[in-house]
Amino acid sequence: MREIDVALGSRSYPIYIAGGLLNNLGAYLSEMPLGKKVLLVTDTNVDSLYGDKVRNLLERAGFQVAVIRVPAGENAKTLEQAAGLYDTAFDHGLDRTCPVVALGGGVVGDLSGFVAATYMRGVPFVQVPTTLLAQVDSSVGGKVAVNHPRGKNIIGAFYQPKMVLIDVDTLQTLNARELRAGLAEVIKYGIIWDKEFFAWLEENSSRVLHLETAALEYVIETCCKIKAAVVEQDETEQGRRAILNYGHTIGHAIESLSGYGTYLHGEAVAIGMIIEARLARNRNLLTDDEVTRIIQLLSQVQLPVSVPRELTAKDMIKSMYTDKKVTESKLTFALPVSIGYCKVFQGLSESEIEQVLS
Ligand SMILES: NC(=O)c1ccc[n+]([C@@H]2O[C@H](COP(=O)([O-])OP(=O)(O)OC[C@H]3O[C@@H](n4cnc5c(N)ncnc54)[C@H](O)[C@@H]3O)[C@@H](O)[C@H]2O)c1
Ligand SMILES: O=C(O)C(=O)C[C@@H](O)[C@H](O)[C@H](O)COP(=O)(O)O
Ligand SMILES: [Zn+2]
């Protein structure tokens, strides 16, 4: 088993990565100082695959489990769904010592983490991510949120989990489109932090797409280590953490303008990374060759590479002003300055953004 410690003082926690780890969830939770009632949050798809198994494991470990299933997909990241979770937590008698356990992808993790952060001003939270995207990104670092019709993740908090348990075997049931969407965030780490990892992906992406366990474990461990390092430097995004947002200023505009769920988060981020790489090229940060390599790798894993035709530059730019990196009305982007290193730039002009969108 691979183990990574996210070192955040009193909010530190372990990330465990291995095949078959779901079987250990009950034992791990029993060793933690937790109350005996669990709110197990999942979605309809994940419930049908792993819900009974996890519930039984937790009950055998002595926990009383209330399961709540939200509809699968981005549209479940709402305050209305959160309200349903609060009701179930209340009905089940969850007190401040009792954990919320997120079993599913980033939607379940973000939504239930938001509920864990706010129910009774905070109860223990455990992440059991089951998509590649959630295993490499959303389960780590403590960003929890729901969407607002006008902007992604607008209502949220920073709230770290007590443990992240990653069973790589769960990826065997994930469909190809979702796997590719997860690969977008994987490629992001190569671009913003680790040029050798980017080069490894250029050679080995098909091993990940073929769900080869050794490749998956290597990818997940590498990404979680990078994310842990960034979050340890800047837990609440006062500055440097915003590099994890590369591709997201454009990506979030695509997601909210085209209707949440039309483009998967990873797909929108893939398009965003290309447009933002072009922004970086126009500022002489990236070379033409580096932009080509980025486009080539994203195309190689069959991610979308162009902005949907129906979205106008004007609407995209308007939507970007709801981005959380905006301060004093200045559009802010995380831009790579080479493959393997990224910086945050404030005050980009609308005309330079229009130029790369058209
Ligand atoms: N908090 C963060 O730091 C962070 C980071 C990246 C993304 N996110 C958020 O994560 C969300 C996207 O997460 P996602 O891509 O995991 O989407 P998701 O949670 O919608 O899951 C994708 C789909 O896969 C299904 N699924 C999940 N696990 C499965 C499995 N093992 N086998 C078969 N099907 C499975 C789900 O039911 C769903 O239909 C977005 O809302 C995004 O904003 C958050
Ligand atoms: O953890 C972070 O920090 C990230 O930016 C990771 C992103 O992949 C993720 O999509 C995050 O939810 C975006 O954050 P937001 O603050 O722009 O909503
Ligand atoms: Zn993301």
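Residues numbered from 1 in each chain as written. Chains lettered and ligands numbered in written order. Predicted model: local features only at pLDDT ≥ 70, side-chain atom pairs only at ≥ 80, totals over all residues.

- The name an unreviewed UniProt entry gives the chain is 3-dehydroquinate synthase, with Desulforamulus profundi as the organism.
- Word for word, the UniProt comment on the chain under Subcellular location (unreviewed entry) is "Cytoplasm".
- Under the heading Pathway (unreviewed entry), UniProt records this for the chain: "Metabolic intermediate biosynthesis; chorismate biosynthesis; chorismate from D-erythrose 4-phosphate and phosphoenolpyruvate: step 2/7." (UniProt positions renumbered as here; feature names shortened; annotations may be inferred.)

1. So, the overall build of the chain
Right, on to step 1. In terms of helices and strands, the chain carries 13 helices and 11 strands.
Right, on to step 2. Its C-alpha radius of gyration of 20 Å places the chain within 12% of the 21 Å reference for a compact globule of 358 residues.
Right, on to step 3. The C-alpha extent of the chain, read off along each of the three principal axes, is 60 × 40 × 35 Å.
Right, on to step 4. Relative to its 358 residues, the chain shows a buried fraction of 48%.
Right, on to step 5. Long-range contacts, defined as pairs at least 24 residues apart, comprise 75% of the intrachain contacts of the chain with a sequence gap of at least 6. (Helix = DSSP H or I, 4+ residues; strand = E, 2+ residues; numbered from the N terminus. Rg over C-alpha atoms; globule rule 2.2 N^0.38 Å. Buried ≥ 20, exposed ≤ 12 C-beta atoms within 10 Å, placed from the backbone. Contact = placed C-beta atoms within 7 Å.)

2. Notes on the site of ligand 1
Right, on to step 1. Around ligand 1, 31 residues are found, and the nearest of them are N45, G105, G106, T131 and S138.
Right, on to step 2. Only α2 (44-60), α4 (106-118), α5 (132-138), α6 (176-193) and α10 (265-282) provide two or more residues apiece to the shell around ligand 1. (Near = placed C-beta within 6 Å.)

3. Here we look at the nonpolar core
Right, on to step 1. Judged by nonpolar contacts, the single largest core of 112 residues is most densely connected at V41 and L103.
Right, on to step 2. Each of domain 1 (2-173) and domain 2 (189-357) accounts for three or more of the residues forming this core.
Right, on to step 3. If near-sequence neighbours (up to four positions away) are discounted, V41 is found in contact with I68, L85, V100, V101, A102, L103, V108 and S112. (Core = buried A, V, L, I, M, F, W, Y, C linked by C-beta atoms within 7 Å. Domains from an automatic or database assignment.)

4. Section: the UniProt feature "binding site: Zn(2+)" (unreviewed entry) in the chain
Right, on to step 1. Mapped onto the present numbering, the UniProt feature "binding site: Zn(2+)" (unreviewed entry) falls at E185, H248 and H265. Considering the C-alpha atoms alone, the annotated residues occupy 81 residues of sequence yet fold into one spot, their largest mutual distance being 10.2 Å.
Right, on to step 2. In this fold, E185 is placed in helix α6.
Right, on to step 3. Beyond its immediate chain neighbours, meaning those up to four positions away, E185 contacts L133, V136, D137, G266 and V269.
Right, on to step 4. Mapped onto the elements of the fold, H265 is located in helix α10.
Right, on to step 5. Apart from the residues lying within four places of it in its own chain, the contact partners of H265 are G106, L133, A181 and E255.

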